[in-house]
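Here are the chains, one letter per residue:
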Amino acid sequence: MESAMFCGVGCALVTPFCDGKVDFPAFEALIERQIAAGTEALIVCGTTGEPSTLTDGEALDLVRFAVERTAGRAKVIAGAGANCTRTAVRRAALLSGTGADALLCVTPYYNRANQEGLLRHFQAVADASRVPLILYNVPSRTAVNLLPETVTALLRHPMIRGVKEAAPDIRQMAELLRVAGDGCHVYGGNDDMALPALALGASGVISVTANVVPKYYGRMVRAAMTGALAEARERFRALAPLTRALFEDVSPIPVKAALSILGLIRNELRLPLTPLSPAATESLRPLLENPAFAEDTAR
């Protein structure tokens, strides 16, 4: 199971649409762009991929497509979260049979489960999975915080091998890394805290910003992980304005606008999400024209 984990950059891929349907040619182009940039893992149907508006069939097709097209050149991690445990169990059973290397499972949103409920939820999902599970903690979107002590208990399950930590408090990341031990990969889940997470010892970052500038972002992460902190700091600071702009509205609204400006996808989302305002879209253009990102953004 260890081989299913990755170290470095995991890109939380958007799901491109065309006239209401999944745009598989655009999706394939996004996959190839990430692989060419050296991205270590592709997260398919994670939060950035609008999974709440995908049918089970669409999610299965997207993950199978990614596995086939990736052909072992990068890890494929499938989003399998739901706020109903029975639904998450069903998705885990389905998606773990697609050839994906691992599943990413978000804390149940809206229900606001206590820590005991979170423990039982993830244990049930892990029981149903045939591939390793990465827990995903993102309190800003789910209204619940998976605490490090609960993670410690969950790591006793043989199928739970990683955590994507997106709590806004770096102290929680530090505590999680302290208690997780060598058998667990901890990934930074906030682009604006990527460098601090890596400096603390995270195994990598699962990133939204990497959709837009995968080569530049990957170099920042690898510099940090190899001890080239001066280079990592310089790159992280250069990324900051773009990262900030990509989260000025609900993700993935801004990142889809940025990718559409680059001509990579149509700027199409599924309701209740709507495209970025024209004014905000125009404010992205000069950020994408930063010469530092030319290798990623030149057309």
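Not measured: the values here are computed from a predicted model.

Criteria and cut-off values
- Residues numbered from 1 in each chain as written.
- Predicted model: local features only at pLDDT ≥ 70, side-chain atom pairs only at ≥ 80, totals over all residues.
- Heavy atoms only, no water.
- Phe/Tyr/Trp six-rings, centres within 6.5 Å; stacked < 30°, edge-to-face > 60°.
- Helix = DSSP H or I, 4+ residues; strand = E, 2+ residues; numbered from the N terminus.
- Buried < 20%, exposed > 50% of the residue type's maximum accessible area, 1.4 Å probe, protein only.
- Axes fitted to C-alpha atoms, helices over the stretch in contact; angles between N-to-C directions.
- Parallel < 35°, antiparallel > 145°, perpendicular 65-115°, else oblique.
- Left-handed = near helix turned anticlockwise from the far one by under 90°.
- Contact = heavy atoms within 4.5 Å.
- Nonpolar A, V, L, I, M, F, W, Y, C, P; charged D, E, K, R; others polar.
- Pairing = 2+ DSSP bridges.
- Disulfide = S-S within 2.5 Å.

A. Broad picture of the packing of aromatic side chains. Counted by the stated rule, this structure contains four aromatic pairs. Taking the centre distance of 5.0 Å and the plane angle of 50 degrees together, the rings of phenylalanine 24 and phenylalanine 65 count as tilted. With phenylalanine 24 in helix H1 (residues 24-36) and phenylalanine 65 in helix H2 (residues 56-70), the pair connects residues that are 41 residues apart, well separated along the chain. Using a relative accessible area of 25% as the deciding quantity, one classes phenylalanine 24 as partly exposed. Note on tyrosine 216 and phenylalanine 293: the rings are 5.0 Å apart at their centroids and 80 degrees apart in plane angle, and the pair reads as edge-to-face. Taken together, the positions of tyrosine 216 in helix H9 (residues 214-225) and phenylalanine 293 in the loop between helix H12 (278-288) and helix H13 (294-297) put the pair 77 residues apart, joining distant regions of the chain. For tyrosine 216, a relative accessible area of 8% puts it in the buried group.

B. Structural view of the packing of H1 against H2. Following both chains from N to C, one finds H1 and H2 inclined at 45 degrees, their axes separated by 10 Å at the closest point. In terms of axis orientation, H1 runs oblique to H2. The two elements H1 and H2 cross, and the hand of that crossing is right-handed. Residues Phe24, Phe27, Glu28, Ile31, Glu32 and Ile35 of H1 touch H2, and the partners they reach there are Asp61, Leu62, Phe65, Ala66, Arg69 and Thr70. For the contact of H1 with H2, the residue count by class is seven nonpolar, one polar and four charged.

C. Fine view of the pairing of strand E1 (residues 8-12). With five of its five residues buried, E1 lies for the most part within the structure. Across four bridges, E1 lies against strand E10 (residues 204-207) in parallel orientation. Bridging from a neighbouring strand, cysteine 11 pairs with serine 207 of E10. Pairing of E1 with strand E4 (residues 41-44), which is carried by three bridges, proceeds in the parallel orientation. Note on E4: the bridge partner recorded for cysteine 11 is leucine 42.

D. Structural view of the state of the cysteines. According to the stated counting rule, one finds zero disulfides in the structure shown. Here cysteine 7 stays free of any disulfide, with the sulfur of cysteine 184 as its closest cysteine sulfur at 12 Å. Classification of cysteine 7 by relative accessible area gives partly exposed; the value is 44%. This cysteine, cysteine 11, is not joined by any disulfide, and cysteine 45 carries the nearest cysteine sulfur, 13 Å off.

E. Quick peek at the sheet that holds E1. The sheet built from eight strands closes into a barrel, its strands ordered E1-E4-E5-E6-E7-E8-E9-E10 with parallel pairing. The mean angle between the axes of side-by-side strands here comes to 25 degrees, regardless of whether they run parallel or antiparallel. With four bridges connecting them, E4 and strand E5 (residues 75-79) associate as parallel partners. Bridge assignment links alanine 41 to a residue of E5, and that residue is lysine 75. Sheet strands touched by helix H4 (residues 115-128): strand E6 (102-106), strand E7 (133-137) and strand E8 (160-165). Its angle to E6, the strand with the most contacts, is close to 155 degrees.

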